[in-house]
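# What the coordinates show
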Amino acid sequence: MSSIQRLELRQGQSLTMTPQLVQSIKLLQLSQAEMAAYVEAELERNPLLQATEMQGDAPPPGLADFLRVKRKYADSAGRMIPGPPPARWEGAAGASPRGSASHCELKPEVEATLAHAQSLTEHLEIQLDLGSADPSLREIGRYLIHALDEAGYLTEDLEQMAQRLGIPLGRAEAALRLIQAFEPSGIGARSLKECLEIQLKERDRLDPAMQILLSRLDLVARQDFAALQTLCGVDREDLADMLAEIRRLEPKPGLAFTAAPIDVLVPDVLVRPAADGSFVVELNPDTHPRILLDRSYYAEVAKAVRRSEDKIFLSECLQSASWLTRSLDQRARTILTVATEIVRQQERFFREGIAALRPMTLKSVAEAVGLHESTVSRVTANKAIGAGGITHPMRFFFNAGTGEGEHAAGAVRHRIRQLIEAEAPDRALSDQALARTLKAEGIDVARRTVAKYRELLRIPSSAERRRRSRFRRS
């Protein structure tokens, strides 16, 4: 059997995603803040792009400005370097790369110049240096401080830590007691019970009855007030005061030093009622990036450049700017198309509120607007719709149906909350009773579905609600 080598020509079709197509898809799912940062970076590194609100504010750029940007954002072969700039421009004429300054220098990002927020570790180490003159004890304490978790708890076994350090257990316990005397109160605890004990001891409220109560936090979680009264030897009024005292404590003292980012939900699309009773859907002008391709600047520079690498950079800048302006327009049209269909399908919600929320899926919207389901998923990610002064994430409007599919799960959960809030204090509605009431209203859901929705709403069972009601009345 012999092998034969030969050449063949075949014709076929295949789908290939270009880098620009991949980037266009990524732009769809960016949030408003991420999109603004991306556009700002492109404005800095592409001299042919201009923000519409900046027109007329800056002096007309020239060849010198183009070459300065090219030196910063092009490689040795004159090609445009992809990605956001490593730092911001700063020169005599301001932050714009097209300024008329004769020189420029790199400045650090604004975030690098902000005041430094003190961490929990730094806060405790300052107190440690002031709290003990023993250098050995301070070193042990510093080791324990760095072992605390984000909430301020020591989760690792103290005896194992002492063995690792090669010190007696008593020495490690002394260092831990020192740390537990620091602010914030309750820091360095090894359990929730110990954390609450430290705080109550500082308030001189750790009496024997309170110690028993802290030892049975499982009964507190189950709202078993009768058993707690018996164990603590107190009446209902005293027990209520003790529980109120515990609620005023901080179970996670270390979180006060955690710098959590604040996410502000800004609507990408605005909905307002029209004169004929319908709704007008429009893009939020404050969040939609508006940039232009400065063709007059391109024509001026194209006539002046002579070196081949400058021409390559100019050509790639033109291609990149053209693509970005088209992509932003396409992104805006796609968002508006999907948002308009969402408002059309959820029109009763915008008139009557959450009780009128109807079932809707990504697939139903995709079929209605002629897009792929994955495209609709990307459009609705990190986007929001504003109506009547209230902003809702786009994903809020997508709900699975219940029963015959006529009622959205979100609307059913809202109705369950309303029924429980309106129930008599001594006649808490069971899950079965809630299911019967909903069925009478035309919402056919099973008892187990009601129980699942109630738990999602973090509403206790009817037995626990009755127990709490009796405790409050007595």
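On a predicted model such as this, the values are computed, not experimentally measured, just so you know.

Before going further, it helps to examine the overall build of the protein chain. Within the protein chain one finds 21 helices and 10 strands. Out of the 474 residues in the protein chain, the part that is buried amounts to 39%. In the protein chain, once contacts between residues fewer than 6 apart in sequence are set aside, the share between residues at least 24 apart is 62%. Approximately 27,700 Å² of the protein chain is accessible, and the part contributed by carbon and sulfur atoms is 52%.

Attention now goes to the nonpolar core. Of all hydrophobic cores here, the largest spans 24 residues; its most connected members are Val269, Val271, Ile342, Phe350, Ile385, Met394 and Phe397. For this core, the elements supplying multiple residues, two or more each, are β4 (269–273), α14 (308–345), α15 (347–352), α16 (362–369), α17 (373–380) and β7 (384–387). Per element, the largest residue contribution to this core is five residues, and it comes from α14. When residues no more than four places from it in sequence are discounted, the contact partners of methionine 394 are Val269, Ile335, Ala339, Ile342, Val379, Thr380, Lys383, Ala384 and Ile385. Core analysis: the next-biggest nonpolar cluster, separate from the first, contains 20 residues, Met35, Val39, Leu49 and Trp323 among them.

It is worth spelling out the side chain of arginine 454 at this point. Within the fold, arginine 454 resides in helix α20 (residues 447–456). For arginine 454, the side chain forms a polar contact with the main-chain oxygen of isoleucine 459, separated by 3.0 Å. Residue contacts for arginine 454: discarding those within four places in its chain leaves Ile420, Asp431, Ile459, Pro460, Ser461 and Arg465.

Here the structure, examined in full by the defined rule, presents 20 salt bridges. Between arginine 171 and aspartate 134 there is a salt bridge, with the nearest N and O atoms lying 2.4 Å from each other. With arginine 171 in helix α7 (residues 169–180) and aspartate 134 in the loop between α4 (120–131) and α5 (135–146), this residue pair connects regions lying 37 residues apart in the sequence. With a relative accessible area of 29%, arginine 171 lands in the partly exposed category.

For residues besides glycine, phi is generally negative; the peptide bonds are generally trans as well. The residue after glutamate 183, namely proline 184, is reached through a cis peptide bond having omega 0 degrees. Here proline 184 lies in the loop between α7 and α8 (192–202). Here the phi dihedral of aspartate 204 falls at roughly 60 degrees; this positive angle occurs in a residue that is not glycine. Judged by its relative accessible area of 70%, aspartate 204 falls in the exposed class. In the Ramachandran plot, asparagine 382 falls in the positive-phi region, its phi being about 60 degrees despite a non-glycine side chain. Inspection of the secondary structure assignment puts asparagine 382 in the loop between α17 and β7.

A separate point is a negative patch on the surface. On the surface, Asp235, Glu237, Asp238 and Asp241 cluster together to form a negatively charged patch. Its location among the elements puts aspartate 241 in helix α12 (residues 236–247). Residue aspartate 241 is classed as partly exposed on the basis of its relative accessible area, which comes to 44%.

As enumerated under the stated definition, the model contains six aromatic pairs in all. With a centroid separation of 5.5 Å and 25 degrees between ring planes, the pair formed by phenylalanine 350 and phenylalanine 397 is classed as stacked. On the criterion of sequence distance, the pair formed by phenylalanine 350 in helix α15 and phenylalanine 397 in the loop between β8 (390–393) and β9 (401–402) is long-range, its members being 47 residues apart. Exposure remark for phenylalanine 350: the relative accessible area of 16% places this residue in the buried category. According to the relative accessible area criterion, phenylalanine 397 is buried, its value standing at 0%. Relative to phenylalanine 397, the ring of phenylalanine 396 lies with its centre 5.3 Å away and its plane at 80 degrees, an arrangement referred to as edge-to-face. Three or more aromatic residues joined by ring pairs form one cluster here, namely Phe279, Phe349, Phe350, Phe396 and Phe397.

For the protein chain, per-residue confidence averages 80 on the pLDDT scale, and residues scoring 70 or more make up 81% of the total. Below pLDDT 50 for its whole length, residues 84–114 participates in 62 contacts with residues either more than four positions away or in separate chains.

With that out of the way, let us pick up the environment of alanine 356. In this structure, alanine 356 sits in the loop between α15 and α16. Its relative accessible area of 7% is what places alanine 356 among the buried residues. In the structure, alanine 356 is positioned 10 residues away from glutamine 346 in sequence and 8.1 Å away in space, judged by C-alpha atoms. Leave out the neighbours within four places in its chain, and alanine 356 touches Arg348 and Phe349.

This part takes up the sheet that holds β8. Two strands in a sheet stick together by hydrogen bonds in their backbones, pointing the same way (parallel) or opposite ways (antiparallel). Across the sheet, four strands lie side by side as β5-β4-β7-β8; this open sheet has mixed pairing. The sheet is open, and its two edges are formed by β5 (279–283) and β8, each paired on a single side. Put simply, the sheet's adjacent strands are angled 25 degrees from each other on average, direction ignored. As defined by bridge partners, β4 adjoins β7 across three bridges and the pair is classed as parallel. When the sheet's bridge partners are listed, valine 271 is paired in β7 with alanine 387. Running at roughly 155 degrees to β5, α14 makes contact with β4, β5 and β7 of the sheet.

Reading the values: rules and limits
Residues numbered from 1 in each chain as written. Predicted model: local features only at pLDDT ≥ 70, side-chain atom pairs only at ≥ 80, totals over all residues. Heavy atoms only, no water. Helix = DSSP H or I, 4+ residues; strand = E, 2+ residues; numbered from the N terminus. Buried < 20%, exposed > 50% of the residue type's maximum accessible area, 1.4 Å probe, protein only. Contact = heavy atoms within 4.5 Å. Areas by Shrake-Rupley, 256 points an atom, 1.4 Å probe, with all protein chains shown as cover. Core = buried A, V, L, I, M, F, W, Y, C linked by side-chain atoms within 4.5 Å. Polar contact = N/O pair within 3.5 Å; in protein donor to acceptor, adjacent residues only side chain to side chain. Salt bridge = Lys/Arg side-chain N within 4 Å of Asp/Glu carboxyl O. Patch = residues over 30% accessible without salt bridge, like charges linked within 9 Å, V, L, I, M, F, W, Y side chains within 5 Å. Lys, Arg positive; Asp, Glu negative; His and termini not counted. Charge placed at Lys NZ, Arg CZ, Asp CG, Glu CD. Phe/Tyr/Trp six-rings, centres within 6.5 Å; stacked < 30°, edge-to-face > 60°. pLDDT = per-residue confidence, 0-100. Pairing = 2+ DSSP bridges. Axes fitted to C-alpha atoms, helices over the stretch in contact; angles between N-to-C directions.

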